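Given next are the chains, with one letter for each unit.
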Amino acid sequence: MRATFLYGAGDVRVENAPDPVIQQPTDAVVRVVLSCVCGSDLWPYKSMPAGEQGRPMGHEFLGVVEETGSDVTGVKRGDMVVAPFTYCDNTCDYCRKGLHSSCRNGGRYGWGGVDGGQGEAVRVPQATGTLVKLPVGEDSELLPSLLSLSDVLGTGHHGAVTAGVTRGDSVLVIGDGAVGLSAVLAARRLSAEQIVLMGRHTARTDLGRDFGATDVVAERGEEGIARVRDLTGSRGADRVIEAVGTEQALQAAFGSVTDGGAISRLGVPQYELGPIGPAMIMRNITLTGGVSPARAYIEELLPDVLDGTLAPGRLFDRAVGLDEVPDGYRSMADREALKVLIRP
């Protein structure tokens, strides 16, 4: 098969790789119909040291089951399925409490001999617990939106849930990337009254308004914080979803949240220390968030995608074939594309 590998910063290659085969009775082999490039893929794309061994890339995909191991139940050959971005058994103590990203028998695609999602096929470990059957065919117009259940929509939802968004809240979303825009969708779904989107790319913030943002703040730093406080009647936002991962974004979150409010971090942190000293304690701010247990949210969000209440497929503003994936990475890194869809 053909699959995507990263050999170092800026060095993405699509190469021949061994076809996936069943290795354990809990495995399934899935032929990929759609995958995509994630914003988190851009961090190694920008910084990974060069090496002789390529790293398999991609963790968001949906496709058709081609083969199953003897212990796999719930899905069979020919089923259209979506795979959350980490695999899991869906039965261990962590999974039972909704923390599938910490599954005792789980892991990540592209590591430990498991295929990446940006290829023609993937061996999926723990297939019974991981894969979710979709009631659509390969020609469904809903496939891009359904693909978002693999990661980005569930990640935005995780931010809203961990921040505690409820009806009537004021919510600030920092970041106009795909995760930030998904958080806007999630906050609207949870009936937030005011949703402020902090971003400066007009095409993206316009989409954010379509998704439910009531206000847009293009300013950054102290000027941006002042603008958020002005929009929220000087109190600050009840809930903040930080979807960037930089220290500047975290500082903006602390400056914009109301006393007693909550900040949920979704962006992969590019820092080790943050402003969590005495000032945070005195203001009773909750700092939460983390990696999304996407598998925990798929059944909850799936009906809203199927009936069109949520249309996260609009996040994909460029589609490429497998051989064009290197340019897809470049276009996202250069902010020419919001999120790149891959059609193997």
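These numbers were taken from a predicted model, which means no experiment stands behind them. (Residues numbered from 1 in each chain as written. Predicted model: local features only at pLDDT ≥ 70, side-chain atom pairs only at ≥ 80, totals over all residues. Heavy atoms only, no water.)

A separate point is the packing of aromatic side chains. The tally for this structure, following the rule as stated, stands at three aromatic pairs. Measuring from ring centre to ring centre gives 5.4 Å for Tyr-45 and Tyr-329, while their planes differ by 45 degrees; the resulting arrangement is tilted. With a gap of 284 residues between them, Tyr-45 in helix α1 (residues 42-47) and Tyr-329 in helix α12 (residues 325-333) connect regions that are remote in the sequence. Accessibility classification places Tyr-45 together with Tyr-329 in one group, the buried group. Taking 5.1 Å as the distance between ring centres and 80 degrees as the angle between the ring planes, the aromatic pair formed by Phe-61 and Tyr-109 counts as edge-to-face. Remark: Tyr-109 occurs in the loop between β8 (107-108) and β9 (121-124) and Phe-61 occurs in strand β5 (residues 61-68); sequence separation between them is 48 residues. Members of the aromatic cluster, joined through ring pairs, are Phe-61, Tyr-87 and Tyr-109. Sitting above the plane of the Tyr-7 ring, Arg-13 keeps its charged end 3.8 Å from the centroid. Geometry around Trp-43 places Lys-46 over its ring, the cationic atom sitting 5.8 Å from the centre. (Phe/Tyr/Trp six-rings, centres within 6.5 Å; stacked < 30°, edge-to-face > 60°. Helix = DSSP H or I, 4+ residues; strand = E, 2+ residues; numbered from the N terminus. Buried < 20%, exposed > 50% of the residue type's maximum accessible area, 1.4 Å probe, protein only. Lys NZ or Arg CZ within 6 Å of the ring centre and 35° of its normal.)

Here we come to a positive patch on the surface. Among the surface-exposed residues, Lys-46, Arg-200, Arg-220 and Arg-335 lie close enough to one another that they form a single positively charged patch. Secondary-structure assignment places Lys-46 in helix α1. (Patch = residues over 30% accessible without salt bridge, like charges linked within 9 Å, V, L, I, M, F, W, Y side chains within 5 Å. Areas by Shrake-Rupley, 256 points an atom, 1.4 Å probe, with all protein chains shown as cover. Salt bridge = Lys/Arg side-chain N within 4 Å of Asp/Glu carboxyl O. Lys, Arg positive; Asp, Glu negative; His and termini not counted. Charge placed at Lys NZ, Arg CZ, Asp CG, Glu CD.)

Attention now goes to the nonpolar core. Membership of the largest hydrophobic core comes to 46 residues, with the highest contact counts inside it found for Leu-62, Leu-146 and Leu-149. Looking at this core, the element that brings in the most residues is helix α6 (residues 178-189), giving seven residues. Counting residues in each nonpolar core, the second largest holds 19 residues, with Val-196, Ala-249, Ala-252 and Met-280 among its members. (Core = buried A, V, L, I, M, F, W, Y, C linked by side-chain atoms within 4.5 Å.)

Below, the discussion takes up α6. The terminal C-alpha atoms of α6, which comprises 12 residues, lie 17 Å apart, in line with the 16 Å expected from a rise of 1.5 Å per residue. For α6, a buried count of nine out of 12 residues is recorded, marking the element as mostly surrounded by other parts of the structure. Along α6, the positions that sit buried rather than exposed are Ala-178, Gly-180, Leu-181, Ser-182, Ala-183, Val-184, Leu-185, Ala-186 and Ala-187. On its buried face, α6 sits against α5 (152-163), β11 (170-174), β12 (194-198), α7 (202-211) and β14 (237-242). Looking one or two residues past α6, Ser-191 carries a phi angle of roughly 70 degrees, positive in sign. (Expected span 1.5 Å × (residues − 1). Contact = heavy atoms within 4.5 Å.)

In this fold, Gly-164 is placed in the loop between α5 and β11. In this structure, the C-alpha to C-alpha distance between Gly-164 and Arg-239, residues 75 residues apart in sequence, is 7.2 Å. Other than its neighbours up to four places away in sequence, Gly-164 contacts Asp-169 and Arg-239.

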